[in-house]
Amino acid sequence: MGTSEKRDGVELTNLDQPLTDDAGATKRDLVDYLDAVADRILPVLAGRPLTVLRALRGRAPFMQKNVPKYTPEWVRTVAIWAEASHREIRYAVCDDRRTLLWLANQRAIEYHPALGPADDIYRPTHLVLDLDPPGGADFAAVVAVAHLVRQALTDSGLTGAVKTSGSRGIHIFVPIDDSAPVDDVAAATRALAARAEALDPAVATTAFIVADRAGKVFIDATRAGGATVAAAYSPRLRPGTPVSFPVAWSDLDRVRPADFTVHTAVDALAGSDPWADAMPAPQRLPGALIEHGRTIPVARVAAVHEGKRRARARRASG
C-alpha cells in the first residue's frame, strides 16, 4: 500500500503517518474509518456549520472553525457572524463523502457540528445534556447519572438517544421541534439537568464551578444556542483514537468508552446505524419544563457572579 491514493477525486497523502504519538492509529486508519461510516456520519453533519479538531505533525492540536484559504471551491461553506470575536467566520458544511475525505486528509480528527442548521444556527434541532465525570471516576458513575437523566426525561414526557462522548463522558440528545426559541430550549435544558440532579444529588451535580462538584458527575446544561457537540461516530483525539458511539439505553451498563475506536467501531456497527435507529421523532418541549428552567440562573453567568462574590469575601476576610 502506498502512502498516497485517490478517492472520490480527493488526493489522500502521507497515509502511513501516525496521527499522534499515542493515537494507536495512522492517517490511513482515520480515512478508512470515516469512509466506512460516511453514510452514518454524514446525516449528522450535513447542513450544519462544522468545527473540526486537527492534529498536524509538529503542531499542537487546534480547533478550526474558519476554513483555510486553500479550501477547494467545491467544499460548501457558510459565513456566520461571530459576536464574540466581531468577525465573519467561514465554516465548512460537510454534506458529502468527498468533503469528508478532504477533511480527513487535512487530519481533521474530531467533528463538532453546530446544534442548529447553517440557515439558522440559533435554532437547535436537539436539546443536549453532556455528562462529565470527575477525575478518576469509573464510567459506571456516569452511566448511573445517565439513567437519572433518562428518568427526568420520562417524567417530563420526553425521550432521547444516548452515546459515549468518545472521551470519558456521555451525551444525551433529545430531538425537538422548532416551536421553542433558543432561550426556551436553554431553559428546558437547565430544568432537565436540575430534575436529574434532584433524583440523586449524592451522585449528580449541576455545579458549574469545578471546585463545587465534590466528586460528583456534572450534568452540563450549557450546550444550547450556537453550541457544538462531538458528532455521533466522530473520532476523538485521545489515546487509542476512540469514537463517540451510540449505545442502547439497555446496553449502557455493559459498555466502556474504549470499546469503540477507529479500529473496532465498524465491526461493532455490523452494518446498522444505531444513532438513526435510536433517535425519536422531534418532540415539543413542555411549557412547564421551560417555565421551570426560567427560574434557574444561566450557569456561566451565575459562576461569574459567584466568582466575584467569593473574591470579595476573600478580600474582606484577608
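Residues numbered from 1 in each chain as written. Predicted model: local features only at pLDDT ≥ 70, side-chain atom pairs only at ≥ 80, totals over all residues. Heavy atoms only, no water.

- As recorded in an unreviewed UniProt entry, the protein chain goes by DNA ligase D polymerase domain-containing protein and comes from Mycolicibacterium vanbaalenii.

**Points about the overall build of the protein chain**
Working step 1: Secondary structure assignment for the protein chain yields nine helices and 13 strands.
Working step 2: Its C-alpha radius of gyration of 20 Å places the protein chain within 12% of the 20 Å reference for a compact globule of 318 residues.
Working step 3: By principal-axis analysis of the C-alpha atoms, the protein chain measures approximately 65 × 45 × 45 Å.
Working step 4: Split into buried and exposed, the 318 residues of the protein chain put 51% on the buried side.
Working step 5: Contacts in the protein chain between residues far apart in sequence, at least 24 positions, make up 71% of those at least 6 positions apart.
Working step 6: On the protein chain, roughly 14400 Å² of surface is accessible, and the fraction owed to carbon and sulfur atoms is 53%. (Helix = DSSP H or I, 4+ residues; strand = E, 2+ residues; numbered from the N terminus. Rg over C-alpha atoms; globule rule 2.2 N^0.38 Å. Buried < 20%, exposed > 50% of the residue type's maximum accessible area, 1.4 Å probe, protein only. Contact = heavy atoms within 4.5 Å. Areas by Shrake-Rupley, 256 points an atom, 1.4 Å probe, with all protein chains shown as cover.)

**Some points on the sheet that holds strand β9 (residues 161-164)**
Working step 1: Read across the open sheet, the six strands follow the order β11-β12-β8-β10-β9-β13; overall the sheet is mixed. Looking at the sheet topology across the chains shown, the edges are occupied by β11 (204-205) and β13 (246-247).
Working step 2: Judged from the six bridges that link them, strand β8 (residues 126-132) and strand β10 (residues 170-175) form a sheet pairing that is antiparallel. Looking across to β10, one finds that Asp130 is bridged to His171. (Pairing = 2+ DSSP bridges.)

**Focus on unusual backbone geometry**
Working step 1: Look at Asp8: it is not a glycine, yet its phi comes out positive at around 55 degrees.
Working step 2: Note that Asp8 resides in the loop between β1 (5-7) and β2 (10-12).
Working step 3: We note that Thr241 has phi near 50 degrees; this positive angle belongs to a residue other than glycine.
Working step 4: On the basis of relative accessibility, which here comes to 2%, the residue Thr241 falls in the buried class.

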